[in-house]
Amino acid sequence: VLVTGGGGSIGSELCRQIAKIGPKRLVVLDVYENGAYDVQQELKIKFPLLNLRVEIVTITDRGQLERVFGEYKPDVVIHAAAHKHVPLMETNCCEAVKNNVFGTRNLLDVAENAGSGKFIMVSTDKAVNPTNVMGCSKRICEIYCQSLNNAIVSGEVKGETQFVTTRFG
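An account of the accompanying structure is given in this report. Everything quoted here is computed from the prediction, not taken from an experiment.

### A few points about the environment of Gly6
Mapped onto the secondary structure, Gly6 falls in the loop between β1 (2-4) and α1 (9-20). With relative accessibility at 0%, the residue Gly6 sits in the buried group. For the pair Gly6 and Val54, spaced 48 residues apart in sequence, the C-alpha separation works out to 8.8 Å. Gly6 has contacts with Gly11, Ser12, Cys15, Val28, Leu29, Asp30 and Val39, leaving out every residue within four places of it along the chain.

Written out as structure tokens, the structure reads:
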């Protein structure tokens, strides 16, 4: 199992819950080393037998994502990495789009190419009739993610990855 944004508020809680069920391996991927380090230390103490790996990578770097997916070959990808703070994204629109939209597209494409079995994108309630940049960027991600399942059904994509979106908030 690979969790993007694994050191963040949502991602770290997902890692805690996943660790409880004893995955073959848990990969925490985050660009912010402090959060990733904190969850790593916590999980090492609570789950000493957990096969845990931490990768400091930005989702906007497709080459590094390809390296990580090539090395770990995750069957399940839970994508919680995102810029989520509405006021900050209103004043940093380009970063919201770069990270949330293009970073998510990188992950979706890399996961599909790597043969991951399931990709679960964590979205937000702000993607419902979005009125701000952050909500709009997440809605774009939802639409793209869901469109990949339609492509698989119609035979346009050769991969077997199941793409799912869920909204927290």
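So that's the structure; there's more coming.
### Considering the nonpolar core
With 22 residues, the main nonpolar core has Leu2, Leu29, Leu65, Phe69 and Phe119 as its most contacted residues. Only β2 (26-30), α3 (62-72), α5 (93-114), β5 (118-124) and α6 (133-153) provide two or more residues apiece to this core. Tallying contributions element by element places α5 first for this core, with 5 residues. When neighbours within four sequence positions are excluded, Phe119 is seen to be in contact with Val77, His79, Leu107, Leu108, Ala111, Cys145, Thr161, Gln162, Phe163 and Val164. Of all hydrophobic cores here, the second largest spans 14 residues; its members include Leu14, Leu43, Leu50 and Ala80.

### Observations regarding the packing of α3 against α5
Following both chains from N to C, one finds α3 and α5 inclined at 35 degrees, their axes separated by 10 Å at the closest point. In this structure, the crossing between α3 and α5 has a hand that is right-handed. Between α3, through Arg62, Leu65, Glu66 and Phe69, and α5, the contact on the second element is made entirely by Asn106, Leu107, Asp109, Val110, Ala111, Asn113 and Ala114.

### Section: the pattern of salt bridges
All chains considered together, the criterion is met by 12 salt bridges. One salt bridge in this structure joins Arg16 and Glu13, with 3.2 Å as the shortest N-O distance. Pair noted here: Arg16 and Glu13 are both in helix α1, with a separation of 3 residues, about one helical turn. Relative accessible area serves as the criterion here: at 35%, Glu13 is assigned to the partly exposed category. Its salt-bridge partner being Arg67, residue Glu71 comes within 3.5 Å of it at the nearest N-O pair. Residue Glu71 and its partner Arg67 are both found in helix α3; the two are separated by 4 residues, about one turn of the helix. Several salt bridges share partner residues, and in doing so they unite Glu13, Arg16, Glu42 and Lys46 into one network.

What counts as what
- Residues numbered from 1 in each chain as written.
- Predicted model: local features only at pLDDT ≥ 70, side-chain atom pairs only at ≥ 80, totals over all residues.
- Heavy atoms only, no water.
- Helix = DSSP H or I, 4+ residues; strand = E, 2+ residues; numbered from the N terminus.
- Buried < 20%, exposed > 50% of the residue type's maximum accessible area, 1.4 Å probe, protein only.
- Contact = heavy atoms within 4.5 Å.
- Core = buried A, V, L, I, M, F, W, Y, C linked by side-chain atoms within 4.5 Å.
- Axes fitted to C-alpha atoms, helices over the stretch in contact; angles between N-to-C directions.
- Left-handed = near helix turned anticlockwise from the far one by under 90°.
- Salt bridge = Lys/Arg side-chain N within 4 Å of Asp/Glu carboxyl O.

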